[in-house]
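The lines below spell out each chain.
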Amino acid sequence: MSSRNLQQGDVPIVMTINGDRLELHVSPWTTLLDLLRDHLHLTGTKKGCDHGQCGACTVLIDGRRINSCLVFAVMRDGAEVTTIEGLAKDDSLHPLQEAFIERDAFQCGYCTPGQICSAAGLLAEDRAHSREEIREHMSGNICRCGAYTNIVDAIEDVMAQEQSQQKAKVA
Ligand code: FES
Ligand code: FES
């Protein structure tokens, strides 16, 4: 994974991205989204509106979902970032990735990395306990193909899996 050539005014930062600790030099105005896509070639994270309106650029920063187009990279010096490329472990897809495939929760797929990262953040927040709450808390992620019903189905499946795993641990 490589960054671009050093330029005047660049700021040194350290970021752990998908488990790799990287020492980087970035312009103060470089967004996290542009750092990921243009400098590090992690193009799974998508640029839609570039204005915080669509959710296509959603990644996890220190476990919390965030629109990477709204964040300057220098503001997150020291952060741990997880993108769609970092969700699978070894040869196993993340349960949300499996569920999106199983539920056919995409058409063109452009919004999908953001949807899945956002859903991972939502499950960690433990704020959604029904279809309606999933819809509400995922409302920042727009799908122009209108795959919303299947997206909610996929998230609901993983939410149910997690709940049954927790019950099994308690029992
Ligand atoms: S590209 Fe970031 S919210 Fe649309
Ligand atoms: S699957 Fe096409 S925008 Fe969501």
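Cut-off values and rules
- Residues numbered from 1 in each chain as written.
- Chains lettered and ligands numbered in written order.
- Predicted model: local features only at pLDDT ≥ 70, side-chain atom pairs only at ≥ 80, totals over all residues.
- Heavy atoms only, no water.
- Helix = DSSP H or I, 4+ residues; strand = E, 2+ residues; numbered from the N terminus.
- Rg over C-alpha atoms; globule rule 2.2 N^0.38 Å.
- Contact = heavy atoms within 4.5 Å.
- Areas by Shrake-Rupley, 256 points an atom, 1.4 Å probe, with all protein chains shown as cover.
- Lys, Arg positive; Asp, Glu negative; His and termini not counted.
- Charge placed at Lys NZ, Arg CZ, Asp CG, Glu CD.
- 1 Å grid on protein atoms, 1.4 Å probe; cavity = no way out; pocket = protein on both sides within 12 Å on 5 of 7 lines; lining within 4 Å.
- Points joined across faces, edges and corners; volume = space filled by probe spheres on them.
- Nonpolar A, V, L, I, M, F, W, Y, C, P; charged D, E, K, R; others polar.
- Core = buried A, V, L, I, M, F, W, Y, C linked by side-chain atoms within 4.5 Å.
- Buried < 20%, exposed > 50% of the residue type's maximum accessible area, 1.4 Å probe, protein only.
- Domains from an automatic or database assignment.
- Axes fitted to C-alpha atoms, helices over the stretch in contact; angles between N-to-C directions.
- Left-handed = near helix turned anticlockwise from the far one by under 90°.
- Pairing = 2+ DSSP bridges.
- Patch = residues over 30% accessible without salt bridge, like charges linked within 9 Å, V, L, I, M, F, W, Y side chains within 5 Å.
- Salt bridge = Lys/Arg side-chain N within 4 Å of Asp/Glu carboxyl O.
- Buried area = accessible area lost by both parts, 1.4 Å probe.

Draft legend 1. Seen up close, the overall build of the chain. When helices and strands are tallied, the chain shows five helices and five strands. Along its sequence from the N terminus, the chain presents helices and strands in the succession β-β-α-β-β-β-α-α-α-α. For the chain, whose C-alpha radius of gyration is 17 Å, the value lies close to the compact-globule estimate of 16 Å for 171 residues. Dimensions of the chain along its principal axes, counting C-alpha atoms only, are 55 × 40 × 25 Å. Sequence-distant contacts in the chain: of pairs separated by 6 or more residues, those separated by 24 or more amount to 53%. When the accessible surface of the chain is split by element, carbon and sulfur atoms take 48% of a total near 9,500 Å². Here the chain contributes 16 positive and 24 negative side-chain charges, whose respective centroids are spaced 3 Å apart.

Draft legend 2. How the structure looks around the layout of surface pockets. Estimated volume of the largest pocket: approximately 150 Å³. Forming the boundary of the largest pocket are G48, C54, A56, C108, Y110, C111, I142, C143, R144 and C145. Of the residues contributing to the lining of the largest pocket, the split by class is eight nonpolar, one polar and one charged.

Draft legend 3. Structural context of the nonpolar core. Residues L96, F100, I134, I151 and I155 are the most contacted members of the largest nonpolar core, which totals 25 residues. Mapped by element, the contributors of at least two residues to this core are α2 (95–102), α3 (112–125) and α5 (148–170). There are two domains that each give this core at least three residues, and those are domain 1 (11–87) and domain 2 (95–164). Residues in contact with I155, not counting those within four places in the same chain, are L96, F100, A119, L123, I134 and M138.

Draft legend 4. Expanded view of the packing of α3 against α5. Across the interface, α3 lies against α5 with an axial gap of 11 Å and an inter-helix angle of 35 degrees. Crossing handedness for the pair α3 and α5: right-handed. Residues Q115, A119 and L123 of α3 touch α5, and the partners they reach there are I151, I155, V158, M159 and E162. Among the residues making up the contact of α3 with α5, the classes are represented as six nonpolar, one polar and one charged.

Draft legend 5. Up close: the sheet that holds strand β2 (residues 20–26). Here five strands make up an open sheet; going across it, the order is β2-β1-β5-β3-β4 and the pairing mixed. Whereas interior strands pair on both sides, the edge strands pair on one side only; in this sheet they are β2 and β4 (64–67). On average, each strand axis in the sheet is tilted by 40 degrees relative to the strand beside it, whichever way the strands run. Pairing of strand β3 (residues 58–61) with β4, which is carried by four bridges, proceeds in the antiparallel orientation. Across the sheet, residue V59 finds its bridge partner in β4, namely I66. Helix-sheet contacts for α3 involve β3 and β4, and the interaxial angle to β3 is about 40 degrees.

Draft legend 6. Spatial organisation of a nonpolar patch on the surface. A contiguous nonpolar surface patch, about 380 Å² in accessible area, is contributed by W29, F72 and M75. Tracing the chain through its elements places F72 in the loop between β4 and β5 (80–82).

Draft legend 7. Highlighting the domain arrangement of the chain. In terms of domains, the chain is made up of domain 1 (11–87) and domain 2 (95–164). A C-alpha centroid distance of 21 Å is found between domain 1 and domain 2. Listed by partner, the interface residues are 15 residues for domain 1 and 17 residues for domain 2. With both chains or domains summed, domain 1 and domain 2 bury close to 1,300 Å², and 57% of this area falls on carbon and sulfur atoms. If you look at where domain 1 meets domain 2, you find one salt bridge.

Draft legend 8. Molecular detail of unusual backbone geometry. The phi torsion at D104 lies on the positive side, around 55 degrees, for a residue other than glycine. Structurally, D104 is set in the loop between α2 and α3. Judged by its relative accessible area of 52%, D104 falls in the exposed class. Of note, the phi angle at D126 is positive, near 55 degrees, even though the residue is not glycine. Within the fold, D126 resides in the loop between α3 and α4 (131–137).

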